[in-house]
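Each chain is listed here by its residues.
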Amino acid sequence: MKSKTRKLTMTGMLCALAYTMTVIGRIPIVLFLKYDPKDIIIAIGGLIFGPLTSFTIAVIVSLVEMFTISENGVLGLIMNVISSCSFACTATFIYKKKHSLSGAVAGFLCGWGCMVLVMLLWNYLIAPIYMGYPREAVVELLLPAFLPFNLIKGGLNAAFTMILYKPIVTVLRRSHLLEVESPVVKSHINVGVILVSLLIIITCILFILSFNGIF
């Protein structure tokens, strides 16, 4: 019972944090498409408790977002859940099967690729409805807009999650909010993973600046 209460409390905290990051962390990337970092928190929840927790957080945060800051209603809810889950649930499912640093890296690479492909398909299917564009116009945006947006979004999510996971879990354990130990948490910081993550972040930032005519 104590373990379930702790998990419920942690899930609620992660939902609140993910929503807060959605509200204050939005930045424009390509045209009208904006990045928010909520998937980082959703993925961290899945690394700690499993992919079902990632799904739960994604649904709750998307529901709250729909009733507060979203302008796309139910369609926006669906797209948010699909985007978050294709990344976070894929990554954490693979990590659950291979509970190690290499499993986490493989999971995030797969989650990144899965999200890009899934969102290309769903933007083709759904975007004409909520954007009010003819499908032909949306097709013309798939490669120059939706593809780079999701590549950058997935890259930032994967890189920041790999950097932030261990520090966040360490703080939670020291606060006695978490008792779960995993090979990723117990292992020393992998300098190679950190450097590659930083390289991905820098590359994505440069692309964002270039798309917005700043760089």
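Residues numbered from 1 in each chain as written. Predicted model: local features only at pLDDT ≥ 70, side-chain atom pairs only at ≥ 80, totals over all residues. Heavy atoms only, no water.

Visitor: I would appreciate a short explanation of the overall build of the protein in the present structure.
Guide: When helices and strands are counted, the protein shows eight helices and two strands. Principal-axis analysis of the C-alpha atoms places the extent of the protein at approximately 50 × 35 × 30 Å. Each of the 215 residues in the protein was classed as buried or not, and the buried ones make up 45%. Accessible surface, the protein: about 11,000 Å² in total, of which carbon and sulfur atoms supply 72%. Across the protein, the centroid of the 16 positively charged side chains sits 15 Å from that of the 8 negatively charged ones. (Helix = DSSP H or I, 4+ residues; strand = E, 2+ residues; numbered from the N terminus. Buried < 20%, exposed > 50% of the residue type's maximum accessible area, 1.4 Å probe, protein only. Areas by Shrake-Rupley, 256 points an atom, 1.4 Å probe, with all protein chains shown as cover. Lys, Arg positive; Asp, Glu negative; His and termini not counted. Charge placed at Lys NZ, Arg CZ, Asp CG, Glu CD.)

Visitor: I would appreciate a short explanation of the pairing of strand β1 (residues 27–30) in the present structure.
Guide: When a strand is regular, its side chains alternate between the sheet's two faces. Inspection of the sheet shows β1 paired to strand β2 (residues 33–35) by three bridges, in the antiparallel sense. Each residue of the ladder has a partner; that of Pro28, found in β2, is Lys34. As consecutive antiparallel partners, β1 and β2 are separated by two residues, and within that stretch Leu31 has a phi angle of approximately 50°, a positive value. (Pairing = 2+ DSSP bridges.)

Visitor: Explain the packing of aromatic side chains here, please?
Guide: Taken as a whole and assessed by the stated rule, the structure comprises three aromatic pairs. The side chain of Arg135 reaches across the aromatic face of Tyr124, ending 5.1 Å from its centre. (Phe/Tyr/Trp six-rings, centres within 6.5 Å; stacked < 30°, edge-to-face > 60°. Lys NZ or Arg CZ within 6 Å of the ring centre and 35° of its normal.)

Visitor: What am I meant to see in the side chain of Asn80 here?
Guide: Considering the arrangement of structural elements, one finds Asn80 in helix α4 (residues 73–97). Apart from the residues within four sequence positions on either side, Asn80 is in contact with Lys38, Ser62 and Glu65. (Contact = heavy atoms within 4.5 Å.)

Visitor: Hey, could you run me through the pattern of salt bridges in this one?
Guide: Close approach of charged atoms allows side chains with opposite charge to pair. This model, assessed by the stated rule, comprises three salt bridges. Residues Lys38 and Glu65 are paired through a salt bridge, measuring 3.7 Å at the closest nitrogen-oxygen approach. Here the residue Lys38 occupies a position in helix α2 (residues 38–49), and Glu65 occupies one in helix α3 (residues 51–68), the gap between them amounting to 27 residues. Each of the two residues, Lys38 as well as Glu65, counts as buried. One salt-bridge network, held together by shared partners, links Arg26, Asp36, Lys38 and Glu65. (Salt bridge = Lys/Arg side-chain N within 4 Å of Asp/Glu carboxyl O.)

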